[in-house]
Amino acid sequence: MSQNGHPKGSVGRLLAAARAKDKAKTEVPQPPKQPRGSVGKLLRKESKESKESEENEVNEKNEWNDWNEEPAEPEEPEEPAAPEPPTPPPKTPKGSVGKLLAAGKSSKAKEEARGGKSPHLPRGSVGRLISGLGRLPRVGNMMRRRAQQRPLRPRSPTRAPGSHKRPASPKRIASHDSWEKLAQRRGEGDSGGKGKGGKGGKGRDARLPPPPPPTHRIPPKARPVLPGTTGKGRPVPSSSVDETSKRKMSFKDVAAREVKKRRTTVKMVHWSQSCRIRSGIAMQIKMSDQGLSDQDLYNWVQWMVSQLPTRPGKSIALLDLSNNSITSVGVNFVCNFLQDFNIRCDVWDLSGNPITDEGLLRIARHVTAETGPALRIDFNGTQVTVFGFQWLLTILSLHPLYPVERVTAKGQVEFQPLWVGLRDTSINAKEVEDFFLGGRFESLCCSVCLEPCHEDGGSVPPRCRGATGRKSNTVIHLAMELPESCRQMADSTLGICSKGIMQLPPPKTWRNMWLQGDHWQRDKWQREEPQFLYEDSDFMVLMKPATWHCSSQDQGRNLLKRCQQMSSNDRKMMLQKQLMQQDTPALHDYLILRFGADPMFREVMREDMLYGMVHRLDVGTTGSLLLGKTLESFRWAKEQIIRQALVRDYIALVHGTFAKNAKNYQPRGLIMAPIDKTHYHITRRCEVMPQGQHAATHYECLAEFKSKDGSQYSLLHCRLLTGRTHQIRVHCEHIGLPLVGDKQYYRKRAKHDPTLVCNRPFLHKVRFVFSQSSEEPVVIWTPLASAEDLVAVLKQLKISDWRAIRAEDLGRLGTIENK
């Protein structure tokens, strides 16, 4: 027995069936549930229509009976009832259900026309829905029937909007007219031609409709059409006058374009005659007295890009753009073009153009960059002032590749300075005299040749040559009339190129040391206190000693908060602990302790601004470091770094010589090797990799040394063109000459003397040039004498060969001469 007392098994099932049957007889039958959604709406609509049809039939019968009966007496007219608002038509379902309903209705109409019924109805809700709509056609038959009814036509040459089909190949499509001609040709083939689909029109092309008539007629070319008339001389209707005027305007536009095209063609022909471009040789470009503007020069640059051969010449022998209307903007176009394609230009002639100091400065930075040195620059008749001349001389002084080295026919080595023509410019002779005699020229440690010389550069006077074939510091041969006092000053500064490196004494300081007196226990210091070499209202230049790192740390924020509440004596005591500790302290801790409470430095005392440091130096590198005192000056200096307007010269002692150890590198040249620092946070090393950042370094060998056991060393002068991490150290190891004392980059080190002790990498920054907010150049010297530990290393060596250093200069440092 179950829980409700009924028997189980087959008997229980029979009893349950009998009870259900009796219950069904007594209960009222329920109507079937109607489906919901779009199907339910359609069912309700069908039932409503069926009721209306029945009511109409009843009304018709009643009207017929009333017509047969006798007419009744007329009644008084009643007031017309208000019209009922129209009911909106029901929404027809979309998608597959709508398609099936539409197909069903069409089949029902056909069946009713033939007087038959539609068998084979589907079941379920769909079957109840279309029970009276006739036979539902299959989808395959329906698609075939549509394909048979659809007329064939050529495919559209462009993709229809919303279509996912690819457009036809452009080789098969010329225009829309070509498709009309194709349809016409196929239609002619259907009429009995021999083309494809011919022979009585039994082919795929036989079903093509005839081509549509043309919407417009174009008169033949042989019959000119007069304005205001048709091709047969009849007057044009008023509706087509506007079209004629539009056609006239279009003709004018076409004529203007044709004239512009012809002018461009003439220019290109003239450019091709003026520019001698051949593969493997130096190019010559003579485009003087052509009235070129900056826009014309930009178009010429674009044309030159398309005309360059696959292997262009390494240099342009002559670039003559004199007597035109070129400004500094056009000069920038040309320099960018030469820099992008790494083309060297030997002779620049820009005389007679309205070029200002900005254009001269752009060329000065270009000829001292990666493309190579120039031989001559003519700026006669321009708007250059003494400011541009000062920047040009500042950038060229102490450059590794100036004066230019060349070998004569007799095999002798000469050093030719850069010829600069500045006649008939905006330079005042009084301003030049003040520049020479006021001390600014002497601070550059270079010389200028003012003697008469042949402008063709064929003969160089002895004044422009280095003594006995050695490199001198004469970097410019100035073609300009100057007083005799300037000539005397230029003669007094004549010497070797390393005059500022070896002969200058240690620089003077602008601020006194913060820890003064004997009670600070200087004998226990592990490092020196930084000193300040320059200061104005916007910038400060700091002399960074060794064993100070410039990386940012989180402790700086906590130290800055504590510094606001500490006294000056407490801050000095904390600095003394940093000078005595063994670990390497952070340089920004020194800046926070000394200037953290100063309101002048409040804007730059932030971690994201490195507490005023514009750039960085390695832990073991000594030299000058630029600091910004205000937010505006800090941003100005950052822009100068991005524009590569800073001049940074270094001295490095490396293992080996160029003749034995360098990999196909000459004693003077350029190192271009991309530097990658992907794994720097793991190995603390940077590598030369193709996917690295662009890096370029100019270098020259000043002298070669030997130790007691015969190991060879070279003293290099390097100038940075880019500022990558460990750039000089990575590049020197890349060419096979790693730095002395560098324990991170020593894999390709040559045989060395183990007795030579150098506790840090032999790398020192000797000169630093930056521009103030007024764009005046500031030159900071830190000669080799300011790094006493490096001078002690040189004292252990003997000089074997020298190219740009005199033996007496090394003798002043205590170096043993063995010449």
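The structure under discussion appears in the preceding block.
Conventions used here
Residues numbered from 1 in each chain as written. Predicted model: local features only at pLDDT ≥ 70, side-chain atom pairs only at ≥ 80, totals over all residues. Heavy atoms only, no water. Core = buried A, V, L, I, M, F, W, Y, C linked by side-chain atoms within 4.5 Å. Buried < 20%, exposed > 50% of the residue type's maximum accessible area, 1.4 Å probe, protein only. Helix = DSSP H or I, 4+ residues; strand = E, 2+ residues; numbered from the N terminus. Contact = heavy atoms within 4.5 Å. 1 Å grid on protein atoms, 1.4 Å probe; cavity = no way out; pocket = protein on both sides within 12 Å on 5 of 7 lines; lining within 4 Å. Points joined across faces, edges and corners; volume = space filled by probe spheres on them. Nonpolar A, V, L, I, M, F, W, Y, C, P; charged D, E, K, R; others polar. Patch = residues over 30% accessible without salt bridge, like charges linked within 9 Å, V, L, I, M, F, W, Y side chains within 5 Å. Areas by Shrake-Rupley, 256 points an atom, 1.4 Å probe, with all protein chains shown as cover. Salt bridge = Lys/Arg side-chain N within 4 Å of Asp/Glu carboxyl O. Lys, Arg positive; Asp, Glu negative; His and termini not counted. Charge placed at Lys NZ, Arg CZ, Asp CG, Glu CD. Axes fitted to C-alpha atoms, helices over the stretch in contact; angles between N-to-C directions. Parallel < 35°, antiparallel > 145°, perpendicular 65-115°, else oblique. Left-handed = near helix turned anticlockwise from the far one by under 90°.

A. Here's a closer look at the nonpolar core. Residues Trp 300, Trp 348 and Leu 393 are the most contacted members of the largest nonpolar core, which totals 66 residues. Considering every element that reaches this core, the biggest residue donor is helix α11 (residues 386-396), with 8 residues. Filtering out sequence-adjacent residues up to four positions away, Leu 393 remains in contact with Phe 435, Phe 441, Leu 444, Cys 446, Val 448, Val 475 and Ile 476. With 63 residues, the next largest nonpolar core counts Leu 575, Leu 579, Val 614 and Leu 627 among its residues.

B. View of empty space enclosed by the protein. Applying the stated criterion across every chain yields a total of 3 cavities of 30 Å³ or more. Reported here for the largest cavity is a volume of approximately 60 Å³. Taken together, Ser 397, Leu 398, His 399, Tyr 402, Leu 444, Cys 445, Cys 446, Lys 471, Asn 473, Val 475, Cys 497 and Trp 781 make up the lining of the largest cavity. Classifying every residue of the lining of the largest cavity by side-chain character gives 8 nonpolar, 3 polar and 1 charged.

C. Fine view of a negative patch on the surface. Taken together, the side chains of Glu 46, Glu 49, Glu 52, Glu 54, Glu 55 and Glu 57 define an acidic patch exposed on the protein surface. Summarising the element assignment, Glu 54 is placed in helix α2 (residues 37-68).

D. Structural detail: the packing of helix α9 (residues 328-340) against helix α10 (residues 357-367). Viewed as axis vectors pointing N to C, α9 and α10 meet at an angle of 10°, and their least axial separation amounts to 8 Å. Taken together, the axes of α9 and α10 are roughly parallel relative to one another. For the pair α9 and α10, the crossing hand works out as left-handed. On α10, the residues that touch Ser 328, Val 331, Asn 332, Cys 335, Asn 336, Leu 338 and Gln 339 of α9 are Glu 358, Gly 359, Arg 362, Ile 363 and His 366. A breakdown of the residues in the contact of α9 with α10 according to their chemical character gives 4 nonpolar, 6 polar and 2 charged.

E. Quick peek at the packing of helix α12 (residues 429-437) against helix α13 (residues 484-492). At their nearest, the axes of α12 and α13 sit 9 Å apart, and the two run at 30° to each other. Between α12 and α13, the crossing angle belongs to the class labelled roughly parallel. Our pair here, α12 against α13, has a crossing hand that is left-handed. From α12, Val 432, Glu 433, Phe 436 and Leu 437 reach across to α13, where they touch Ser 485, Cys 486 and Met 489. Split into classes, the residues belonging to the contact of α12 with α13 amount to 5 nonpolar, 1 polar and 1 charged.

Shape is all these values report; function is a separate question.
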